[in-house]
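Summary of structural features
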Amino acid sequence: MSLEMKPGSRSGVKPNWISYRMSKRIVLLSIIIFLMFEKTSAQDPIFSQHYANPLYLNPAFAGSKKCTRINLNYRNQPFPVFGTYSTYSFSADHYSQAVNGGIGLSLVHDSQGGLLEQSQAGIMYAWQSSLSRNWSLSLAFQASWLNYRINPSRLVFPDQMPGANGNTGSTAEPMLQQPNSHNVDFSTGFLIFTHQFYSGIAVHHIGQPTLLNYEDQRLPAKFTLMAGYDFSKRQRRTHETSVKWSSNIVIQSQSQYLRFNYGIYAQAEQLTAGVWFRHSVKHPNSLIFMVGLKQVNYTIGYSYDYTLSGFSGKFGGAHEIGVLLNFNCAEPNMKYRILNCPTF
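A brief look at the structure comes next.

Scoring rules and cut-offs
Residues numbered from 1 in each chain as written. Predicted model: local features only at pLDDT ≥ 70, side-chain atom pairs only at ≥ 80, totals over all residues. Heavy atoms only, no water. Buried < 20%, exposed > 50% of the residue type's maximum accessible area, 1.4 Å probe, protein only. Helix = DSSP H or I, 4+ residues; strand = E, 2+ residues; numbered from the N terminus. Pairing = 2+ DSSP bridges. 1 Å grid on protein atoms, 1.4 Å probe; cavity = no way out; pocket = protein on both sides within 12 Å on 5 of 7 lines; lining within 4 Å. Points joined across faces, edges and corners; volume = space filled by probe spheres on them. Nonpolar A, V, L, I, M, F, W, Y, C, P; charged D, E, K, R; others polar. Patch = residues over 30% accessible without salt bridge, like charges linked within 9 Å, V, L, I, M, F, W, Y side chains within 5 Å. Areas by Shrake-Rupley, 256 points an atom, 1.4 Å probe, with all protein chains shown as cover. Salt bridge = Lys/Arg side-chain N within 4 Å of Asp/Glu carboxyl O. Contact = heavy atoms within 4.5 Å. Core = buried A, V, L, I, M, F, W, Y, C linked by side-chain atoms within 4.5 Å. Polar contact = N/O pair within 3.5 Å; in protein donor to acceptor, adjacent residues only side chain to side chain. Phe/Tyr/Trp six-rings, centres within 6.5 Å; stacked < 30°, edge-to-face > 60°. Lys NZ or Arg CZ within 6 Å of the ring centre and 35° of its normal.

**Description of the pairing of strand β8 (residues 197–204)**
Burial runs high along β8: 8 of the 8 residues are buried. The side-chain alternation of β8 yields two buried faces, one formed by Phe197, Ser199, Ile201 and Val203 and the other by Tyr198, Gly200, Ala202 and His204. With antiparallel pairing between neighbouring strands as the criterion, strand β7 (residues 180–193) and β8 make up a hairpin whose turn holds 3 residues.

**Observations concerning empty space enclosed by the protein**
When its volume is computed, the largest cavity comes out at roughly 120 Å³. Residue lining of the largest cavity: 16 residues in total, with Tyr56, Gln120, Gln142, Ser144 and His204 positioned closest to the centre. Looking at the lining of the largest cavity residue by residue, the class counts come to 5 nonpolar, 8 polar and 3 charged. Approximately 90 Å³ is the volume attributed to the second largest cavity. The wall of the second largest cavity is formed by Asp44, Pro45, Ile46, Phe47, His50, Asn53, Tyr56, Leu57, Lys222, Gln252 and Arg259. Classifying every residue of the lining of the second largest cavity by side-chain character gives 5 nonpolar, 3 polar and 3 charged.

**Description of a nonpolar patch on the surface**
Residues Tyr229, Phe231, Val243, Trp245, Ile264, Val275, Phe289, Tyr306 and Leu308 make up a contiguous nonpolar surface patch of roughly 730 Å² in combined accessible area. Residue position: Leu308 is located in the loop between β16 (298–307) and α3 (312–315).

**Notes on the pairing of strand β5 (residues 116–130)**
Looking at chain direction, strand β4 (residues 101–112) and β5 are connected through 12 bridges and run antiparallel. Each bridged residue has a counterpart across the sheet, and for Asp110 the counterpart in β5 is Gln118. Pairing between β5 and strand β6 (residues 136–150): 15 bridges, direction antiparallel. Note that in β6 the partner of Ser130 across the bridge is Ser136. Hairpin geometry of β5 and β6 is characterised by an intervening segment of 5 residues between the two adjacent antiparallel strands.

**A short note on the environment of Gln120**
Mapped onto the elements of the fold, Gln120 is located in strand β5. The spacing of Gln120 and Trp145 is 25 residues in sequence and 5.8 Å in space, taken between C-alpha atoms. Beyond its immediate stretch of four places on either side in the chain, Gln120 contacts Asp44, Pro45, Tyr56, Ser106, Leu107, Val108, Trp145, Leu146, Tyr148 and His205.

**Notes on the nonpolar core**
Grouped burial of nonpolar side chains is what soluble globular proteins tend to show. Tyr51, Leu57, Phe61, Leu191, Met226, Val250 and Trp276 are the most contacted members of the largest nonpolar core, which totals 19 residues. Within the residue set of this core, elements represented by two or more residues are α2 (54–57), β5, β7, β8 and β15 (284–294). Sequence-distant contacts of Leu191, that is, excluding residues within four places in its chain, are made with Asn58, Ala60, Phe61, Ser136, Leu137, Ser138, Ser199, Gly200 and Met226. Counting 8 residues, the second-largest nonpolar core is a separate cluster that includes Ala221, Phe223, Leu225 and Phe260.

**Section: the side chain of Ser91**
Among the structural elements, Ser91 can be located in strand β3 (residues 83–96). The exposure class assigned to Ser91 is buried, which follows from its relative accessible area of 1%. If we ignore the near neighbours within four places in the chain, the residues touching Ser91 are Asn53, Leu55, Arg69, Ile70, Asn71, Leu105 and Ser106.

**A look at the environment of Asn328**
Positionally, Asn328 belongs in the loop between β17 (318–327) and β18 (342–343). Here the alpha-carbon distance between Asn328 and Cys67, two residues 261 residues apart in the chain, equals 5.5 Å. In contact with Asn328, not counting residues within four places along its chain, are Lys66, Cys67 and Thr68. Within the local environment of Asn328, its side chain forms a polar contact with the side chain of Thr68, the two groups lying 3.5 Å apart.

**Observations regarding the pattern of salt bridges**
Taken as a whole and assessed by the stated rule, the structure comprises 5 salt bridges. In this structure, Arg69 and Asp93 form a salt bridge, with 2.8 Å as the shortest nitrogen-oxygen distance. Of the two residues, Arg69 sits in strand β2 (residues 68–79) while Asp93 sits in strand β3, which places them 24 residues apart along the sequence. With respect to class, Arg69 is no different from Asp93; both count as buried. Arg278 is the salt-bridge partner of Asp305, the closest N and O atoms lying 3.1 Å from each other. Taken together, the positions of Asp305 in strand β16 and Arg278 in strand β14 (residues 271–279) put the pair 27 residues apart, joining distant regions of the chain.

**Points about the packing of aromatic side chains**
For the structure shown, the criterion picks out 8 aromatic pairs. Aromatic pair Tyr74 and Tyr88: ring centres 5.0 Å apart, planes at 40°, arrangement tilted. One end of the pair, Tyr74, is in strand β2; the other, Tyr88, is in strand β3, and 14 residues separate them in sequence. One aromatic cluster is present, built from ring pairs that chain together Tyr51, Phe61, Phe193 and Tyr198. One cation-aromatic arrangement involves Lys222 over Tyr56; the distance from NZ or CZ to the ring centre is 4.8 Å.

As structure tokens, this is what we get:
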């Protein structure tokens, strides 16, 4: 994972103590804002490669690169009872001077063993501005369409079990009359950057849309806090580093679930490797190992979630693949600088 330099900024300049104090204050303020929200029991699909799918993490990442960007992601977690849990994601974003910011598109489909299907399609706009010589800001708004549906044929009730009333076929249980729902949803987010530090907050599902047309079943709002720091030491003459290091944290709260994610990346030449630790308030969840190949026009990353609860030994951990494609990467003649953002 690395942070790209802004066009026109001076590489190799170490942040002064004012910038360091400002970084700490922004992180502290972000945590306070994040903890002020009440947790409101459905969940969004989870991706382990957060920065291989940046628009899904925070819409404020839209247009944050000088290239037109396309991200493709696939996550698979085998399970012997309901079948395979699979999640697919496609996103694209582009910076436009005409709108002083980035525009983006995000598509996500999640299949939970063929029983529960979720689809999301969102468009977003991220307004970008420079706050000072070193600090920049991105504010974003996203509008989405959500679809949830249940396949009743995948449900098995007690009266369908062998020996239950002599019936192993149909069930007397009432079926859902409307196992399919469509909703409009809204999200927002912001990011603040220097050439080495970033921090931001995203709020998804502001209106908490209903699921399957039942008023008592809503998709809870999801709050995401993220921050990271690139502490690579650059050579004085070339301003390059042999190995680039960056540390990151992502905290997510949705319904009664609170997840902490800590990660560190190392990049040497075209190879990138990283490890993340994910846990709840009381229990460890996963160790996530990542490796990637980074080229000028594309990046490919693979990750494996090793479940610390012990289920990996029986069912296997989750596998995830991320592909990033870059287009139109010629240096533009812009009046202000494009924001940096982390990439894997």
